[in-house]
Amino acid sequence: MKNGILLLFISILLSCNSKENLKKPTWLIGKWKRINEKPAKSTFDFWNNDLTGIGFTLKNLDTIFKEKMSVITIKDTLHLKIEGVNEAPTLFKFTQHSDSSFVCENQKNEFPKKIHYYLDKQQLKCKISNNEFFVDFIFDNIKN
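Just so it is clear, the model here is predicted, and its values are computed rather than measured.

J.: Would you mind going over the overall build of the protein with me for this structure?
T.: Within the protein one finds one helix and ten strands. N-terminal to C-terminal, the α/β element order of the protein is α-β-β-β-β-β-β-β-β-β-β. Expressed as a percentage of its 144 residues, the buried residues of the protein come to 31%. For the protein, restricting intrachain contacts to residue pairs at least 6 apart in sequence, the fraction spanning at least 24 positions comes to 28%.

The following block contains the structure:
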């Protein structure tokens, strides 16, 4: 009987931990404008309440880059899904995450292989990288 109670307790504890690990990064929600962009360009990340969004870059008034983004769950694991860059959607598996950051990776993708999103005070920061170089994005929230 004691073993049965112990097993039940461990099962409940592990169940709670796995659900906690699937906590989605709702801190992404909002409209963000990149503040470290090159002159004559403006880059934005817009994240909806359902953790779908778009990232795009304007040069003057022309859209020169656009991607669809979403945080999805596949087999109890969070992934960042990117569409519109490659022919097929690209999935980046979450390898680390906390209440204010996550790292996701896809070692088969040419660039980036790793994406690290995190909050730093009131700014959203993102670092995309492969083994050779990286690009830093710093975003301020656009107040509606």
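J.: Explain the sheet that holds strand S7 (residues 101–105) to me, please; I cannot follow it from the model alone.
T.: The strands making up a sheet associate through hydrogen bonds between their backbones, and the pairing can be parallel or antiparallel. One closed barrel holds the ten strands; their spatial order is S1-S2-S3-S4-S5-S6-S7-S8-S9-S10, and the pairing between them is antiparallel. Between one strand axis and the next, the sheet turns by 25° as a mean value, whatever way the strands run. Where strand S5 (residues 77–83) lies against strand S6 (residues 90–97), four bridges are found, and the strand directions are antiparallel. Its bridge partner being in S6, Leu80 is matched across the sheet by Phe92.

J.: Got a minute to help me understand a nonpolar patch on the surface in this structure?
T.: On the surface, a nonpolar cluster with roughly 250 Å² of combined accessible area is contributed by Ile64, Phe65 and Val85. Note on placement: Ile64 falls in strand S4 (residues 62–74).

J.: Even after reading the chapter, I still don't get the pattern of salt bridges, so can you show me in this structure?
T.: A side chain with one charge may pair with a side chain of the opposite charge, provided their charged atoms come close. Per the counting criterion, the structure on display carries three salt bridges. For Glu37, the salt bridge identified is with Arg34, shortest N-O distance 3.3 Å.

J.: Where do I start with the state of the cysteines in this structure?
T.: A covalent bond bridging the sulfur atoms of two cysteines is what the word disulfide describes. If you walk through the whole model with that rule in mind, you get zero disulfides. Unpaired in terms of disulfides, Cys104 finds its nearest cysteine sulfur in Cys126, a separation of 8.1 Å. Given the relative accessible area of 0%, Cys104 is considered buried. Overall, the relative accessible area of 4% leaves Cys126 in the buried class.

J.: I would appreciate a short explanation of the environment of Lys24 in the present structure.
T.: Looking at the element boundaries, Lys24 is found in the loop between helix H1 (2–21) and strand S1 (30–34). Along the backbone, Lys24 and Ser98 are 74 residues apart, and their C-alpha atoms lie at a distance of 9.4 Å. Setting aside residues up to four positions removed in sequence, Lys24 forms contacts with Leu51, Val71, Thr73 and Leu78.

J.: Is there a simple way to think about the nonpolar core in this case?
T.: Generally speaking, nonpolar side chains in soluble globular proteins are found buried as a group. Ranked by size, the top nonpolar core spans 21 residues in total, and within it Leu28, Trp47, Val71, Leu80, Phe102, Ile115 and Tyr117 carry the most contacts. Counting residues per element, the ones that place at least two in this core are S4, S5, S6, S7, strand S8 (114–120), strand S9 (123–129) and strand S10 (134–141). When residues no more than four places from it in sequence are discounted, the contact partners of Ile115 are Leu80, Phe92, Phe102, Val103, Cys104, Cys126, Lys127 and Ile128.

J.: Which parts of the structure should I look at to understand the packing of aromatic side chains?
T.: Two measures describe an aromatic ring pair: the distance that separates the ring centres and the angle between the ring planes. Following the criterion strictly, the structure yields nine aromatic pairs and no others. For the ring pair Trp27 and Phe102, a centre distance of 5.9 Å and an interplane angle of 45° mean the geometry is tilted. Of this pair, Trp27 sits in the loop between H1 and S1 while Phe102 sits in strand S7, placing them 75 residues apart in sequence. Judged by its relative accessible area of 13%, Trp27 is buried. Sitting above the plane of the Phe46 ring, Lys31 keeps its charged end 5.4 Å from the centroid. Here Lys127 stacks its cationic end above the ring of Phe134, 4.3 Å away from the centre of that ring.

Each value, and the rule that gives it
- Residues numbered from 1 in each chain as written.
- Predicted model: local features only at pLDDT ≥ 70, side-chain atom pairs only at ≥ 80, totals over all residues.
- Heavy atoms only, no water.
- Helix = DSSP H or I, 4+ residues; strand = E, 2+ residues; numbered from the N terminus.
- Buried < 20%, exposed > 50% of the residue type's maximum accessible area, 1.4 Å probe, protein only.
- Contact = heavy atoms within 4.5 Å.
- Pairing = 2+ DSSP bridges.
- Axes fitted to C-alpha atoms, helices over the stretch in contact; angles between N-to-C directions.
- Patch = residues over 30% accessible without salt bridge, like charges linked within 9 Å, V, L, I, M, F, W, Y side chains within 5 Å.
- Areas by Shrake-Rupley, 256 points an atom, 1.4 Å probe, with all protein chains shown as cover.
- Salt bridge = Lys/Arg side-chain N within 4 Å of Asp/Glu carboxyl O.
- Disulfide = S-S within 2.5 Å.
- Core = buried A, V, L, I, M, F, W, Y, C linked by side-chain atoms within 4.5 Å.
- Phe/Tyr/Trp six-rings, centres within 6.5 Å; stacked < 30°, edge-to-face > 60°.
- Lys NZ or Arg CZ within 6 Å of the ring centre and 35° of its normal.

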